[in-house]
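One-letter residues, chain by chain:
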Amino acid sequence: MMTITLPRTDTTLRPGKLLCIGRNYAKHAAEMKSDVPDTPMVFLKPATALVRSGGTVEIPPQSQEVHHELELVAVIATGGRHIARAQALNHVGGYALGLDMTARDVQQQAKDRRHPWSVAKGFDTFAPLGALVPADEITDVQQLNLSLTVNGEMRQHGTTADMIFPVADLVAYCSTVFTLEPGDLLYTGTPEGVGPVQAGDTLVASGTGLPSLEVTVE
Ligand code: MG
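This one's a predicted model, so the numbers in the text were calculated from it and none came from an experiment. (Residues numbered from 1 in each chain as written. Predicted model: local features only at pLDDT ≥ 70, side-chain atom pairs only at ≥ 80, totals over all residues. Heavy atoms only, no water.)

1. Observations concerning the coordination of the magnesium ion
Protein ligation of the magnesium ion involves Glu 69 (OE), Glu 71 (OE) and Asp 100 (OD), the donor distances falling in the range 2.0 to 2.1 Å. Spacing between the donor residues of the magnesium ion along their common chain follows E-x1-E-x28-D. Residue Glu 69 is located in the loop between β7 (66–68) and β8 (70–76), and its partner Asp 100 is located in the loop between β9 (92–99) and β10 (102–103); the two are separated by 31 residues in the primary sequence. Assessed through its relative accessible area of 4%, Glu 69 is described here as buried. We classify Asp 100 as buried; its relative accessible area is 0%. (Donors = N, O, S within 2.8 Å, 3.2 Å for Na, K, Ca; no water. Helix = DSSP H or I, 4+ residues; strand = E, 2+ residues; numbered from the N terminus. Buried < 20%, exposed > 50% of the residue type's maximum accessible area, 1.4 Å probe, protein only.)

Listed below in structure tokens is the structure:
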């Protein structure tokens, strides 16, 4: 099982669950022809989907259309249930760049059949995660620029200022459903500009104050 280390403290964390938020940016909801939700839309990925920066994203044989979704990831350092919104960011130990890889064709089939998204979102290597930066080095988590290039070409850029539900709301909301545990990861949704990747592509994510994340596709 993969472990992650919080910088500076050297605290080793084991991601128990990956909480992922859908449709948290209005322009992405629009490009997917989806409505903006009035409560956070949450789905889960297994920890086996994780791959660290420098690793490889595998296109599974079940999909002809794997998309990148660039996301800010919050790492839970202090667990809890029913966390108050005002305390929520105190439970976050660090931030990183992440990619919510999505088998879009498999997801569309699931939507058509009213099936869950677990397969479309949960394949091995579908959760790239960059290096962590301590939370206290991020002055304002809702003022970060995020960008993604594919083979050097800009594909996504956005700002966390455009999140429909800010990180504090997401942590508080998720903690009303799931007990949050140290090491849990929260993928906070993607800005617009999602699109397909192909074998041989190199994806590089960048963000204000965040270590860059690079993966190749095969
Ligand atoms: Mg996403």
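There's plenty left to go through after this.
2. Here we look at helix α2 (residues 104–113)
Listed as buried for α2 are Arg 104, Val 106, Gln 107 and Ala 110. Around the axis of α2, the buried residues are gathered within 160 degrees of arc, so they sit on the same side. Counted as exposed and oriented over 90 degrees from the buried face of α2: Asp 112 and Arg 113. Taken together, the buried residues of α2 touch β7, β10 and α3 (118–122). Arg 114 occupies a position one or two residues after α2 and carries a positive phi of about 55 degrees. (Arc of directions from axis to C-beta. Contact = heavy atoms within 4.5 Å.)

3. As for empty space enclosed by the protein
Rolling a probe over the atoms, with the probe sized like a water molecule, indicates the empty space that remains. Within this structure, the stated rule accounts for one cavity of 30 Å³ or more. Together, 18 residues line the largest cavity, and Arg 23, His 28, Glu 69, Gln 107 and Trp 117 are the ones closest to its centre. The set of elements that each furnish at least two residues to the lining of the largest cavity consists of β3 (18–22), α1 (26–31) and α2. Taken together, the residues that form the lining of the largest cavity break down as five nonpolar, seven polar and six charged. (1 Å grid on protein atoms, 1.4 Å probe; cavity = no way out; pocket = protein on both sides within 12 Å on 5 of 7 lines; lining within 4 Å. Points joined across faces, edges and corners; volume = space filled by probe spheres on them. Nonpolar A, V, L, I, M, F, W, Y, C, P; charged D, E, K, R; others polar.)

4. What to know about the environment of His 28
Mapped onto the elements, His 28 comes out in helix α1. C-alpha of His 28 to C-alpha of Lys 17: the two residues are 11 residues apart in sequence and 24 Å apart in space.

5. What to know about the pattern of salt bridges
One pass over the structure, following the stated rule, counts nine salt bridges. For Arg 8, the salt bridge is made with Glu 137, and the minimal N-O distance between the two is 2.8 Å. Of this pair, Arg 8 sits in the loop between β1 (4–6) and β2 (11–13) while Glu 137 sits in the loop between β12 (133–134) and β13 (145–150), and the two are 129 residues apart along the sequence. Since its relative accessible area comes to 55%, Arg 8 is described here as exposed. What makes Glu 137 partly exposed here is its relative accessible area of 48%. Taken together, the salt bridges that share partners define one network made up of Lys 45, Glu 69, Asp 100, Arg 104 and Lys 121. (Salt bridge = Lys/Arg side-chain N within 4 Å of Asp/Glu carboxyl O.)

6. Here's the deal with the sheet that holds strand β6 (residues 56–57)
Strand pairing in a sheet is mediated by backbone hydrogen bonds. Such pairs are either parallel or antiparallel. The strand order across the open sheet built from five strands is β6-β18-β17-β13-β14, with neighbouring strands paired in mixed fashion. The sheet is open, and its two borders are formed by β6 and β14 (153–159), each paired with just one other strand. Where strand β17 (residues 202–207) lies against strand β18 (residues 210–217), five bridges are found, and the strand directions are antiparallel. Bridge pairing in β18 links Ala 205 to Leu 213. (Pairing = 2+ DSSP bridges.)

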